[in-house]
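Geometric and topological summary
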Amino acid sequence: MSTGPATARIEDRSASTSDVSDSHFASRDDDGRGIPIDAGAPIDGKPSCPRSRSTASKGDDCLPIRDVAGHSISDLISLSNRRAVITGGARGIGRAIAARFAEAGAEVALADVRRDEAETAAAEISARFGRRVVAVGADVTSPESVAALADQAEARLGHLHIWVNNAARPLVKPFLETSEAEWRALLDVNLLGYVWGCQTAARRMVAAGHGRIVNVSSAADVQPLADLAAYMAAGK
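The sections below set out a description of the structure shown in this document. (Residues numbered from 1 in each chain as written. Predicted model: local features only at pLDDT ≥ 70, side-chain atom pairs only at ≥ 80, totals over all residues. Heavy atoms only, no water.)

The subject of this paragraph is helix α3 (residues 115-129). In this model α3 runs 21 Å from its N-terminal to its C-terminal C-alpha over 15 residues, within 8% of the 21 Å that 1.5 Å per residue would give. Of the positions making up α3, those classed as buried are Ala118, Ala121, Ala122 and Ile125. Down the axis of α3, the buried side of the element spans an arc of 100 degrees, and every buried residue falls inside it. Counted as exposed and oriented over 90 degrees from the buried face of α3: Asp116 and Ala127. In this fold, the buried residues of α3 make contact with α2 (92-103), β7 (107-112) and β8 (133-137). Looking one or two residues past α3, Gly130 carries a phi angle of roughly 70 degrees, positive in sign. (Helix = DSSP H or I, 4+ residues; strand = E, 2+ residues; numbered from the N terminus. Expected span 1.5 Å × (residues − 1). Buried < 20%, exposed > 50% of the residue type's maximum accessible area, 1.4 Å probe, protein only. Arc of directions from axis to C-beta. Contact = heavy atoms within 4.5 Å.)

In structure tokens:
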């Protein structure tokens, strides 16, 4: 998502549980940023696939990414002196993202409508990685609540560098049986919740001249399953 030549460059990168990034990081440069591995570099004698195993030719003897399983996140990238907001961070993918961010050195505002669970998750992640992780109660269906989340996160951590829109709700139900209330509830969280998050984060990042927005999405749009019409239409 570009904000124009006169403003900050803010990237909107969708993340999917089935995606393999084109750039993988094996070391850090002097600024602490990950250094991309050459996509064609050999791995244990085998070339890496050009994008991912799904785009490689059938039968290709290649590996989709370099094997870095023996390294911690902090060995691969550094988020030191970075501060991030993660919505839907009390459990599941959001909590896992928060843990990885903290492991990489970031300070994290873990936002969730389930404030008690967010407090527990924040305390556990902070104790494990020694980073400042705070919990903020927030309802992403409300633009006012999302704005208040950003205000609280900045008040407690400082200027924000990263915003992760992750909060979402599932719905597995036949299209003809999905009620209006169910459609609206899903759209409020999975679509408009991301809109309010992007707007709130972008306003601050444009003013600061830098920042990153990450929208977590699903493989359901490219690998659709039965009874996920509303979920898919809501942007996941």
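All right, on to the pairing of strand β9 (residues 162-165) then. Neither face of β9 is left uncovered, since the one carrying Ile162 and Val164 and the one carrying Trp163 and Asn165 both have all their residues buried. Here 3 bridges tie strand β6 (residues 83-87) to β9, and the two strands are oriented parallel to one another. Across the sheet, the residue bridging to Ile86 is Val164, located in β9. By the bridge criterion, 4 bridges tie β9 to strand β10 (residues 212-216) in an arrangement that is parallel. Looking at β10, one finds that Asn165 is bridged to Asn215. (Pairing = 2+ DSSP bridges.)

Bringing the packing of aromatic side chains into the picture now. What the rule picks out here adds up to 1 aromatic pair. Relative to Trp183, the ring of Phe175 lies with its centre 6.3 Å away and its plane at 90 degrees, an arrangement referred to as edge-to-face. Take Trp183: its relative accessible area is 23%, and that puts it in the partly exposed class. (Phe/Tyr/Trp six-rings, centres within 6.5 Å; stacked < 30°, edge-to-face > 60°.)

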